[in-house]
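As a plain string of letters, each chain reads:
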Amino acid sequence: MDNFTKMELLGRDKFESLLIQMGITNYYFTPEKYNPVDCYFNNSS
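The notes below deal with the structure included here. (Residues numbered from 1 in each chain as written. Predicted model: local features only at pLDDT ≥ 70, side-chain atom pairs only at ≥ 80, totals over all residues. Heavy atoms only, no water.)

### Re the overall build of the chain
Consideration 1: Counting its secondary structure elements, the chain contains one helix and two strands.
Consideration 2: Counting helices and strands in the order they occur from the N terminus, the chain gives α-β-β.
Consideration 3: The 45 residues of the chain split such that 16% are buried.
Consideration 4: Put simply, 22% of the contacts in the chain that link residues at least 6 apart link residues at least 24 apart. (Helix = DSSP H or I, 4+ residues; strand = E, 2+ residues; numbered from the N terminus. Buried < 20%, exposed > 50% of the residue type's maximum accessible area, 1.4 Å probe, protein only. Contact = heavy atoms within 4.5 Å.)

So this is what it looks like as structure tokens:
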């Protein structure tokens, strides 16, 4: 695993922890390695 991937996973883990603390559950992370967007929020009622 290269350093980019390690830092990407660390950042996503921290961001997901924040989302969970805030009670946000409608989100998903993009699977592509170099996608400029890391996370999308679902706006479904």
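### A look at the packing of aromatic side chains
The way to describe two aromatic rings as a pair is by their centre distance and the angle between their planes.
Consideration 1: Inspection of every chain in the model, using the stated rule, returns five aromatic pairs.
Consideration 2: Summarising the aromatic geometry, the rings of Phe-15 and Phe-41 are spaced 6.4 Å apart at their centres and angled 75° between planes, so their arrangement reads as edge-to-face. Of this pair, Phe-15 sits in helix H1 (residues 3–21) while Phe-41 is found in strand S2 (residues 39–41), placing the two residues 26 residues apart along the sequence.
Consideration 3: Counting every residue linked through ring pairs, the aromatic cluster contains Phe-15, Tyr-27, Phe-29 and Phe-41. (Phe/Tyr/Trp six-rings, centres within 6.5 Å; stacked < 30°, edge-to-face > 60°.)

### Looking at H1
Consideration 1: Over its 19 residues, H1 extends 27 Å from the first C-alpha to the last, a length consistent with the 27 Å expected when each residue adds 1.5 Å.
Consideration 2: Glu-8, Arg-12 and Leu-19 are the residues of H1 that are buried. Viewed end-on, H1 has its buried residues packed into an arc of 30°, placing them on one side of the element. Opposite the packed face of H1, turned more than 90 degrees from it, sit the exposed residues Asn-3, Met-7, Asp-13, Lys-14 and Gln-21. (Expected span 1.5 Å × (residues − 1). Arc of directions from axis to C-beta.)

Nothing here speaks to function; it is geometry throughout.
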